[in-house]
Amino acid sequence: MAYDIFKLLHLLGVVLLLGNVTVTSIWKLYADGTRDPAVIGFAQRLVTITDWFFTLWGILLLVVGGYGAAWLGGMDPLRDAWLVWAEALFVLAGIIWLGVLVPIQIRQARMARGFAAVGVVPRDYYRLGRLWIAWGVVATVPLLAAMWVMLRKGW
Ligand code: HEM
């Protein structure tokens with residue numbers, strides 16, 4: 001029973017994390033497409049807010065549930081190859097997120113605060129937006145690969 005609860009938490013985390021990453025990219029693309037500073041500024045603010053609500057909680061649940069289930073199920077996260085692979089892929093996605101995506105978001109959020117005053121979206125904002133989408137797709141690949149490894153308990 002306790003094992004199933006941890007696994008459920010783990011899977012809830014996976015759903016929140018992957019769900020937010022994929023859904024956010026679509027509505028952000030459409031918001032940028034309006035070229036309206038008010039819409040884009042609001043969407044940019046929501047990127048930050050949904051990260052706090054969904055990405056962060058997704059990561060926490062994924063980690064607590066995953067390691068809790070592994071511990072209760074007698075699995076070894078340092079020796080069982082499928083777990084080591086999942087951890088490596090998860091860390092890789094995290095490095096891209098923290099090292100590339102979050103810094104881009106911070107720059108865009110700073111720019112967005114100026115939209116209201118000036119009423120014009122700078123060209124650089126759109127360039128960063130395209131970069132953010134491209135790197136977001138790159139960061140999703142290791143997460144999908146981790147899902148595959150988890151389901152198959154190996155490649
Ligand atoms: C970070 C380290 C991770 C640990 C320690 C971990 C641990 C676990 C454990 C113990 C299970 C239960 C296995 C079973 O009941 O047979 C599991 C299942 C699962 N995990 Fe992870 N996991 C990790 C990362 C991930 C990631 C990054 C994803 C996907 C983004 C993921 C997706 C899944 C899925 C879909 C299942 C259900 C597989 C099934 O029952 O067939 N896990 N994980």
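Residues numbered from 1 in each chain as written. Predicted model: local features only at pLDDT ≥ 70, side-chain atom pairs only at ≥ 80, totals over all residues.

A look at the site of the ligand
- In the vicinity of the ligand, 23 residues are found, and the nearest of them are Gly66, Ala69, Ala70, Ala146 and Met150.
- At the level of secondary structure, the elements contributing two or more residues to the shell around the ligand comprise α1 (2–33), α2 (37–72), α3 (81–118) and α4 (123–152).
- Broken down by class, the residue content of the shell around the ligand amounts to 18 nonpolar, 3 polar and 2 charged. (Near = placed C-beta within 6 Å. Helix = DSSP H or I, 4+ residues; strand = E, 2+ residues; numbered from the N terminus. Nonpolar A, V, L, I, M, F, W, Y, C, P; charged D, E, K, R; others polar.)

Side note on the packing of α1 against α4
- Their axes nearest at 11 Å, the elements α1 and α4 cross at an angle of 160 degrees. Comparing their axes, α4 and α1 come out roughly antiparallel. Relative to α4, α1 is oriented so that their crossing is left-handed. When α1 is examined against α4, the residues Leu18, Val21, Thr22, Ser25, Leu29 and Asp32 are found in contact with a partner set consisting of Tyr126, Gly129, Ile133, Gly136, Thr140 and Leu143.
- When grouped by side-chain class, the residues that make up the contact of α1 with α4 number 6 nonpolar, 5 polar and 1 charged. (Axes fitted to C-alpha atoms, helices over the stretch in contact; angles between N-to-C directions. Parallel < 35°, antiparallel > 145°, perpendicular 65-115°, else oblique. Left-handed = near helix turned anticlockwise from the far one by under 90°. Contact = placed C-beta atoms within 7 Å.)

Things to note about the environment of Trp82
- Structurally, Trp82 can be placed in helix α3.
- In the structure, Trp82 is positioned 53 residues away from Trp135 in sequence and 25 Å away in space, judged by C-alpha atoms.
- For Trp82, the contacting residues outside a window of four places in its chain are Val149, Met150, Lys153 and Gly154.

Quick notes on unusual backbone geometry
- Although it is not a glycine, Arg35 adopts a positive phi angle of roughly 60 degrees.
- Classification of Arg35 by C-beta neighbours within 10 Å gives exposed; the count is 10.
- With phi around 55 degrees, Lys153 is a residue other than glycine that occupies positive phi space.
- Within the secondary structure, Lys153 sits in the segment after α4.
- Residue Lys153 is classed as partly exposed on the basis of its C-beta count, with 13 C-beta atoms lying within 10 Å. (Buried ≥ 20, exposed ≤ 12 C-beta atoms within 10 Å, placed from the backbone.)

Thoughts on the packing of α1 against α2
- Viewed as axis vectors pointing N to C, α1 and α2 meet at an angle of 160 degrees, and their least axial separation amounts to 7 Å. Regarding the angle of α1 to α2, the classification is roughly antiparallel. When you trace α1 past α2, the crossing you get is left-handed.

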